[in-house]
Amino acid sequence: MRLAWHSGFASRARARLGGLGSIIMLHRVRPDCTSPLGVNRALSISPAFLDQILVSLKSEDIELVSMDEAVARIASGAQSPRRFAAVTLDDGYNDNLHHAYPVFQKHRVPFTIYTAPGLVEGAVVLWWEILELLVAKANFIIAPNGQEWRCTTMFEKRTAFYALMRYFTETLTELQQIPVLRDMCEAQNMICAVAADRDILNWKELRQIASDPLCTIGAHTVHHYNLKRLTSEMVSFEMRQSADMLEEKLGKRPQHFAYPYGSARAVGEREAALAAKEGFVSAVTTRHGTIQAEHRAHMHILPRISINGRFQKLVYAKTMMSGATTPIANAGRRVVQG
Ligand SMILES: [Zn+2]
């Protein structure tokens, strides 16, 4: 990717593939990343790096816009001389308030936080993070299906973590994940929760940040389930109920939606049609890509550019937003649907 930028490929690609702009995807923003096995490191960037990205985008004359404005631009189909970038953050980590918000305020940059009320209220937990803590702590793990993992060395722990991730996302149903995790934590004398300082924004904090016109709150389902693994009725319920709860608690119905996990394994045409039916004006995936004029007809399956915390280098972010990496990620296609 570094080569793509320095060879000038990215700047040539920008005119052709950069399209109308990008929707940037972030999760956590905090000075220190505590991922004991390093497996969730990609989800975390530092406030300093966020600052660098925003400065760089402004210096390139990219307009930093809200999701409302991004949608308006995509829908109008009019070619604006300036490309846009809309910044989005998934899951509503409370570091968004403490560490990202001051950076957005400093630069007067709009942002959208996609929130799942089930996470806010503790009905579900950030299970992939707790699984990491569990494997980091344990020397031996037995899953309810009888599978066993010795995890004394870092290598064994990482192997166990990825095997357990597969077990949780492929063998267990979405509704089984949290009860099974609670049992496994109990067996290790561990509380099934992440520490308060790396946890999720509560309603009071959400109201506080949502009161700033820079902030848009989007819906992210209630229980953060992989929607492709649910019935259509459950998908509609998850979408509608999350919007109802956010409207009730924050006084404003969310217009924008983000699919949990967001990959091709978690969202397809059925989910996009249901998001449209439930009245969201846009829905974003985690699939890689810049926004093209053609996305006007695919407003409920928009791609994003993920800023990976593992590689906090401006050159990578710039290359991705140029669109140079979009055809690579999508096997040559500029617009991916379904
Ligand atoms: Zn999420």
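Residues numbered from 1 in each chain as written. Predicted model: local features only at pLDDT ≥ 70, side-chain atom pairs only at ≥ 80, totals over all residues. Heavy atoms only, no water.

(A) A look at the coordination of the zinc ion. Summarising the metal site, the zinc ion is bound by the protein donors D91 (OD), H220 (NE2) and H224 (NE2), whose distances to it range over 2.0 to 2.2 Å. Expressed as a motif, the donor residue spacing for the zinc ion is D-x128-H-x3-H. Here the residue D91 occupies a position in the loop between β5 (84-90) and α5 (95-107), and H224 occupies one in the loop between β9 (215-219) and α11 (232-250), the gap between them amounting to 133 residues. Owing to a relative accessible area of 3%, D91 belongs among the buried residues under this scheme. (Donors = N, O, S within 2.8 Å, 3.2 Å for Na, K, Ca; no water. Helix = DSSP H or I, 4+ residues; strand = E, 2+ residues; numbered from the N terminus. Buried < 20%, exposed > 50% of the residue type's maximum accessible area, 1.4 Å probe, protein only.)

(B) Broad picture of helix α4 (residues 67-76). Of all the residues in α4, the buried ones are M67, A70, V71, R73 and I74. Burial along α4 is one-sided: seen end-on, the buried residues are contained in an arc of 160 degrees. Phi for G77, located one or two positions after α4, is positive at around 75 degrees. (Arc of directions from axis to C-beta.)

(C) Structural context of the packing of helix α7 (residues 127-137) against helix α8 (residues 154-171). Across the interface, α7 lies against α8 with an axial gap of 10 Å and an inter-helix angle of 145 degrees. When the axes of α7 and α8 are compared, the crossing they make is right-handed. Contacts between α7 and α8 involve W127, W128, L131, E132, V135, A136 and K137 from the former and K157, A160, F161, L164, M165, F168 and T169 from the latter. (Axes fitted to C-alpha atoms, helices over the stretch in contact; angles between N-to-C directions. Left-handed = near helix turned anticlockwise from the far one by under 90°. Contact = heavy atoms within 4.5 Å.)

(D) Region of interest: the layout of surface pockets. Approximately 950 Å³ is the volume attributed to the largest pocket. Elements supplying a minimum of two residues to the lining of the largest pocket: α7 and α8. The element that contributes the greatest number of residues to the lining of the largest pocket is α8, accounting for 5 residues. Its residues placed into classes, the lining of the largest pocket shows 11 nonpolar, 11 polar and 6 charged. Built from parts of two domains, the lining of the largest pocket gets at least three residues from each of domain 1 (2-123 + 200-329) and domain 2 (127-187). (1 Å grid on protein atoms, 1.4 Å probe; cavity = no way out; pocket = protein on both sides within 12 Å on 5 of 7 lines; lining within 4 Å. Points joined across faces, edges and corners; volume = space filled by probe spheres on them. Nonpolar A, V, L, I, M, F, W, Y, C, P; charged D, E, K, R; others polar. Domains from an automatic or database assignment.)

(E) Highlighting unusual backbone geometry. Here R108, not a glycine, exhibits a phi torsion of approximately 55 degrees, which is positive. With a relative accessible area of 55%, R108 lands in the exposed category. Positive phi, normally seen in glycine, also occurs at H224, with a value near 55 degrees. On the basis of relative accessibility, which here comes to 5%, the residue H224 falls in the buried class.

(F) Looking closely at the pairing of strand β1 (residues 21-26). For β1, the tally of buried residues reaches 6 of 6 residues, placing the bulk of the element in the interior. As paired elements, β1 and β5 share 6 bridges and run parallel to each other. Across the sheet, the residue bridging to I24 is V87, located in β5. Both β1 and strand β12 (residues 302-306) contribute to a ladder of 2 bridges, which runs parallel. Bridge pairing links M25 to S306 in β12. (Pairing = 2+ DSSP bridges.)

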